[in-house]
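# Summary of the model geometry
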Amino acid sequence: MTTAAARTLAGTDERQDLRNVAIVAHVDHGKTTLVDAMLTQTREAGAHGALEERVMDSGELEKEKGITILAKNTTVFYSGPAATKHAGMDNVTINVIDTPGHADFGGEVERGLSMVDGVVLLVDASEGPLPQTRFVLRKALNAQLPVILVVNKTDRPDARIDGVVSDTMDLLLGLASDVAEENPELNLDSVLDVPVVFASGREGRASKNQPEDGGMPDSDDLEPLFDTILEHVPAPKYDSGEVLQAHVTNLDASPFLGRLALLRIFNGTLKKNQQVAWARKDGTMKTVKITELLATKGLERVSADSAGPGEIVAVAGISDIMIGETLTDLENPKPLPTITVDDPAISMT
Ligand code: GDP
């Protein structure tokens, strides 16, 4: 199930209070630091209380390897001026999906991208785009996801911001022409309207104006980044008349709850203790009970009573559930088709 495919399925209703975005970066380009700064800057402003400070890729194995392996989600409760300006809301929940910028984690990348409606491409202001990000970007273009370029670490003395912006744009254009050649039915025009934000994640600063090489972005917070995300990443679309359709995009384990399935809800509402139909890959259907429903606050999973369309949640209680399967309505089950990001041409009908 791709996001692009889901958009075809989706109705015209919109969750303006929500944005789902993947962050893609080569290792060391500053993803963890930037996401931490996003959390820190929204923590006080948000009405959701203090969050424990932890880095995004704190898993031991990941620490050892120095790379982010699991597409995890972090939830930022944003309540700055861009919320009213672009969403007409006081608060917007931004789910940030940590996507490995590495072809070695192919399936992981696709599943990360299947949860989101846009991509933040984070590139070091000195190193520029590295070959490993090509794979992820190609997938993002295939899924017709809008891309925001964040040129990070503008403060580096060896920054070469002009060169990095043009290298990245060249890379995107090259990939887009490959993707368009293979899939002539895709319209990549809107996807290639790429806004650029300049940042120093370490200083928690951003700007839309290009700083000097080695200089600081002109805003003393990340507001320009939040503004660009809210403006450029579409609110999740859904059909308010449709039954529950939630797609399993990843699995996790909890010592207390057992297997957790990470889901993006495309339509309908999922409630704790609800009985739902579990549509399996082999075509069979089983009735299951959602024994626990978990939402994300910052980096923590917290128990929730219900979740609606566009939301990303974890559920417990289904021990054999697999990636790619659907939870749907018991009375009127409508499983989502299983399509891979590689096959955008497959029609949804
Ligand atoms: P990740 O691997 O992409 O998650 O990168 P990290 O956030 O762990 O950062 C990698 C390194 O870059 C660390 O040593 C950070 O201190 C450094 N770093 C992160 N952000 C900035 C920045 O804005 N400017 C500079 N100069 N260094 C940064």
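Residues numbered from 1 in each chain as written. Predicted model: local features only at pLDDT ≥ 70, side-chain atom pairs only at ≥ 80, totals over all residues. Heavy atoms only, no water.

For the protein, the name recorded in an unreviewed UniProt entry is Large ribosomal subunit assembly factor BipA, with Nesterenkonia aurantiaca as its organism. Recorded in UniProt under Subunit (unreviewed entry), the annotation for the protein is "Monomer." Reading the Sequence similarities (unreviewed entry) entry of the UniProt record for the protein gives the comment "Belongs to the TRAFAC class translation factor GTPase superfamily. Classic translation factor GTPase family. BipA subfamily." (UniProt positions renumbered as here; feature names shortened; annotations may be inferred.)

Phi angles above zero are rare outside glycine, and Q144 is one such case at about 55°. Along the chain, the position of Q144 falls in the loop between α6 (132–142) and β6 (147–152). Classification of Q144 as partly exposed rests on a relative accessible area of 23%. Even without glycine at this site, N273 takes up a positive phi of about 70°. On the secondary structure map, N273 appears in the loop between β12 (270–271) and β13 (275–279). (Helix = DSSP H or I, 4+ residues; strand = E, 2+ residues; numbered from the N terminus. Buried < 20%, exposed > 50% of the residue type's maximum accessible area, 1.4 Å probe, protein only.)

For the rest of this paragraph, the subject is the nonpolar core. Core analysis: the largest hydrophobic core is formed by 40 residues, its most contacted members being L113, V116, V119, L121, L145, V151 and I161. Among the secondary structure elements, those contributing two or more residues to this core are β2 (18–25), α5 (106–114), β5 (118–124), α6, β6, α7 (161–182), β11 (258–267) and β18 (312–316). Considering each element in turn, this core owes the most residues, eight residues, to α7. In this structure I161 touches A125, V151, T154, F198, Q210, P211, E212 and D213, once residues within four positions along its chain are discounted. Core analysis: the next-biggest nonpolar cluster, separate from the first, contains 30 residues, V21, I94, I148 and V233 among them. (Core = buried A, V, L, I, M, F, W, Y, C linked by side-chain atoms within 4.5 Å. Contact = heavy atoms within 4.5 Å.)

On to the site of the ligand. Around the ligand sit 15 residues, and of these D28, K31, T32, T33 and D155 come closest. A distance of 2.8 Å separates a nitrogen atom of the ligand from a polar atom in the side chain of D155. A distance of 3.0 Å separates an oxygen atom of the ligand from a polar atom in the backbone of G201. Protein coverage of the free-state accessible area of the ligand, which is 590 Å², stands at 76%. Per-element accounting of the shell around the ligand gives the leading share, three residues, to helix α2 (residues 31–43). Each residue belonging to the shell around the ligand can be placed in one class, and the counts come to one nonpolar, eight polar and six charged. (Near = heavy atom within 4 Å. Polar contact = N/O pair within 3.5 Å; in protein donor to acceptor, adjacent residues only side chain to side chain. Areas by Shrake-Rupley, 256 points an atom, 1.4 Å probe, with all protein chains shown as cover. Nonpolar A, V, L, I, M, F, W, Y, C, P; charged D, E, K, R; others polar.)

Before going further, it helps to examine α2. Look at α2: 18 Å from first C-alpha to last across 13 residues, which is about the 18 Å you get at 1.5 Å a residue. Judged by how many residues are buried, α2 sits mostly within the fold: 10 of 13 residues are covered. Within α2, the full set of buried residues consists of K31, T32, L34, V35, D36, A37, M38, L39, T42 and R43. (Expected span 1.5 Å × (residues − 1).)

Attention shifts here to the confidence of the model for the protein. For any part of a model where pLDDT is low, the fine detail of the predicted coordinates should not be relied upon. When pLDDT is averaged across the protein, the result is 84; 83% of the residues are at 70 or more. Low pLDDT, under 50, characterises residues 45–71; the stretch is placed with 54 contacts to residues that sit more than four places away or in other chains. Note that residues 339–349 has pLDDT below 50 and, in this model, 24 contacts with residues that lie over four places away or in other chains. This complex was scored by the predictor with a pTM of 0.87 and an ipTM of 0.99. (pLDDT = per-residue confidence, 0-100.)

Turning to the pairing of β2, a few remarks are in order. Counting buried positions along β2 gives eight out of eight residues, so the element sits mostly inside the fold. Covered by surrounding structure in β2 are L18, N20, A22 and V24 together with R19, V21, I23 and A25, the residues of both alternating faces. Sheet topology note: the β2/β5 ladder contains five bridges and is parallel. Following the sheet pairing, I23 is matched in β5 by V120. (Pairing = 2+ DSSP bridges.)

Turning next to the packing of α2 against helix α8 (residues 223–232). Closest axis-to-axis distance for the α2/α8 pair is 11 Å, and the angle between their directions is 95°. The angle between α2 and α8 places the two elements in the roughly perpendicular class. Seen from α2, the contacting residues are L34, M38 and T42; seen from α8, they are L225, F226 and I229. (Axes fitted to C-alpha atoms, helices over the stretch in contact; angles between N-to-C directions. Parallel < 35°, antiparallel > 145°, perpendicular 65-115°, else oblique.)

Across the sheet, eight strands lie side by side as β14-β13-β19-β10-β11-β18-β15-β16; this open sheet has antiparallel pairing. Each edge of the sheet is formed by a strand with only one pairing partner; in this case those strands are β14 (285–289) and β16 (300–303). Within this sheet the neighbouring strands show an average axis-to-axis angle of 40°, counted without direction. Two elements, strand β15 (residues 292–297) and β18, share three bridges in a ladder whose sense is antiparallel. Bridge pairing in β18 links L293 to V315.

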